[in-house]
Amino acid sequence: MAATDKASDDSLYPIAVLIDELKNEDIQLRLNSIKKLSTIALALGEERTRTELIPFLTETIYDEDEVLLALADQLGQFTSLVGGPDYAMYLLPPLESLATVEETVVRDKAVESLRIVAAQHSATDLEASVVPTLQRLVTGDWFTSRTSACGLLSVCYPRVSQPVRAELRASFRKLCLDETPMVRRAAASKLGEFAKVVEPESLKSDIIPMFVHLAQDDQDSVRLLSVEACVSIAQLLQQDELEHLVMPTLRQCAGDSSWRVRYMVADHFTDMQNALGPEITKTDLVPAFQYLLKDSEAEVRAAAATKVKDFCANLDKTNRVQIIMTSILPYVKELVSDPNQHVKSALASVIMGLSPILGMSNTVEHLLPLFLIQLKDECPEVRLNIISNLDCVNDVIGIQQLSQSLLPAIVELAEDTKWRVRLAIIEYMPLLAGQLGQEFFDQKLRALCMGWLNDHVYAIREAAAQNMKKLVEQFGAAWAESAIIPMILVMSRNKNYLHRMTCLFCINVLAEVCGTEITTRVLLPTVLVLATDLVANVRFNVAKTLQKISPFIDTTAIETQVKPVLDTLSSDKDVDVKYFASEAIAGIAG
């Protein structure tokens, strides 16, 4: 008997520990205990998890949000621990309670877990257990339960009988008409998802009237969510139904008094274009797009500007160029000199993409003047967005035309008085070099890159050295040996010690991309010469450089040339030189 009691005590131990930890004042202990729930459930076994652990958790939902969030997350993965799908209904009570709490992130996580658990129920159990849970949430006194109900309807609907489906549609209608804006907002956010699972006839009789109603809500936070639903609904309808079922509401949203609703329309504009098709795009969306591009709010204009390229690319190919030239480009020209820099920047990130669509002559005549204006814009981001997309134009009009039109502006930026602008251009130089090709780079841009190595700002010199490395990665070591290394090594003889230091920085980064042969034969001798430099800063940088490039020097040279020089530096009169030399000796030996 005593042995049986002891076994019983042992089996109760895990739940006792959990209860103790869940009641502990330390939130971290309670949180750890929740995160160990699956281990405790395994120790208890499926039956005791169902009959003891789950009821206990259901009764103790009064904790800190952080603990409740962890609990809501854990319960979504608990089906196998309560005995599989046949017993999944045991998880509904605690998740239902969590779906009604005040904290939004906890409710959202509880709904996410409820969706997982609901999907694991059989069709019979779904009607018997999940639907009643859903209906209790729909009719809950607190708005929190009603907002959570919105997320469960689309999971239950496809797998229940026709009478229950009618009930669920009625419940959704009730939620869309709820007096609390938060509930209507939740319903609007799930409207598109619910539309995808209902039957076509119910879509027209139930969902579209709800969509129209929500799109006219007195709260703009509800109306803006109906825009997203508009895309989902439009995808489900026949082309001939779109004009009278969707378009009146969409026109209304595009001209809404709230900029946030108009912003939402602009943000989803190309999705709508794809859903509505070419004919409605031509008759309705082109005028709507024009209004958005000249909207009174900068945020709306910026959102519309980011869609210019995609909207134009998706137009019907038969009259695409004509529509762009007559209906879109005049508005784009205005945006180029918009008073708001975010709008100009948004446009600059996509405008280059119009070149392949409009072709060479239109690009040269109409787009190049706009690019030149943007390249001279006072906002650096606008200029950089243009430069980073030059390849689109290069493919269409060729390097000759591009260099004549745009290169002077790029050179001007490269010599900008603001060092941050110069820095940004350096970062784009490898990209430009790749787009323009080696021959063009050598003729027009190489001298510019070399000039940056002598800049009076350290950050520019450092970035210029890294730029050299990326250029060698692009054009190869043979190009480096003939085109840039001789010019870099000349700096080692400059009277200004900063130039000699820059030479070492370049060697540091070039060794890796040039390989052992060039490093040993061409770069190493210059480093060794600088070991006797009169300036201590240069000498200790020689020690650091030798350590850095040692993996790319052949072993014979290390023994016969590098180590003797480092030994000499390790007995230098300057303490820093001695320190870095001994560090280098140890590093190479290691």
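The text that follows walks through the structure, step by step, so that each part is easy to find. (Residues numbered from 1 in each chain as written. Predicted model: local features only at pLDDT ≥ 70, side-chain atom pairs only at ≥ 80, totals over all residues. Heavy atoms only, no water.)

**Description of the environment of Glu-64**
- Tracing the sequence through the fold places Glu-64 in the loop between helix H4 (46–59) and helix H5 (65–75).
- Looking at Glu-64, the relative accessible area reads 43%, which means it is partly exposed.
- Considered as a pair, Glu-64 and Arg-30 are 34 residues apart in the sequence and their alpha carbons are 9.5 Å apart.
- Not counting residues up to four positions away in its chain, the partners in contact with Glu-64 are Ile-27 and Arg-30. (Helix = DSSP H or I, 4+ residues; strand = E, 2+ residues; numbered from the N terminus. Buried < 20%, exposed > 50% of the residue type's maximum accessible area, 1.4 Å probe, protein only. Contact = heavy atoms within 4.5 Å.)

**Description of the packing of helix H32 (residues 536–549) against helix H33 (residues 555–569)**
- Their axes nearest at 11 Å, the elements H32 and H33 cross at an angle of 145°. The element H32 and its partner H33 pack so that their crossing is left-handed. Along its contact with H32, which presents Arg-539, Val-542, Ala-543 and Leu-546, the element H33 presents Val-562, Val-565, Leu-566 and Leu-569. (Axes fitted to C-alpha atoms, helices over the stretch in contact; angles between N-to-C directions. Left-handed = near helix turned anticlockwise from the far one by under 90°.)

**Re helix H31 (residues 497–530)**
- Helix length check: H31, at 34 residues, gives a terminal C-alpha distance of 10 Å against a target of 50 Å (1.5 Å per residue), a shortfall beyond 12%.
- Gly-515 marks where H31 bends most, by close to 130°.
- Counting buried positions along H31 gives 24 out of 34 residues, so the element sits mostly inside the fold. (Expected span 1.5 Å × (residues − 1). Bend = angle between axes of the 7 residues up to and from the residue.)

**A few points about a negative patch on the surface**
- A cluster of like negative charges, contributed by Glu-64, Asp-65, Glu-66 and Glu-102, occupies part of the molecular surface.
- Here Asp-65 shows up in helix H5. (Patch = residues over 30% accessible without salt bridge, like charges linked within 9 Å, V, L, I, M, F, W, Y side chains within 5 Å. Areas by Shrake-Rupley, 256 points an atom, 1.4 Å probe, with all protein chains shown as cover. Salt bridge = Lys/Arg side-chain N within 4 Å of Asp/Glu carboxyl O. Lys, Arg positive; Asp, Glu negative; His and termini not counted. Charge placed at Lys NZ, Arg CZ, Asp CG, Glu CD.)

**With respect to the pattern of salt bridges**
- What the rule picks out here adds up to 25 salt bridges.
- Among the ionic pairs, Arg-184 bridges to Asp-218, the shortest N-O distance being 3.3 Å. Placement of Arg-184 in helix H12 (residues 181–197) and of Asp-218 in the loop between helix H13 (200–215) and helix H14 (220–236) is noted, with a sequence separation of 34 residues between them.
- Residue Arg-184 is classed as buried on the basis of its relative accessible area, which comes to 8%.
- Of the charged contacts, one joins Glu-241 and Lys-204 as a salt bridge, the two residues approaching to 2.6 Å between their closest N and O atoms. A residue pair is termed long-range when its members are at least 10 positions apart, and Glu-241 in helix H15 (residues 239–245) and Lys-204 in helix H13 qualify at 37 residues.
- Taking relative accessible area as the criterion, Glu-241 reaches 14% and is therefore assigned buried.
- Exposure remark for Lys-204: the relative accessible area of 38% places this residue in the partly exposed category.
- Connected via shared salt-bridge partners are Arg-165, Arg-169, Arg-173, Glu-199 and Asp-206.

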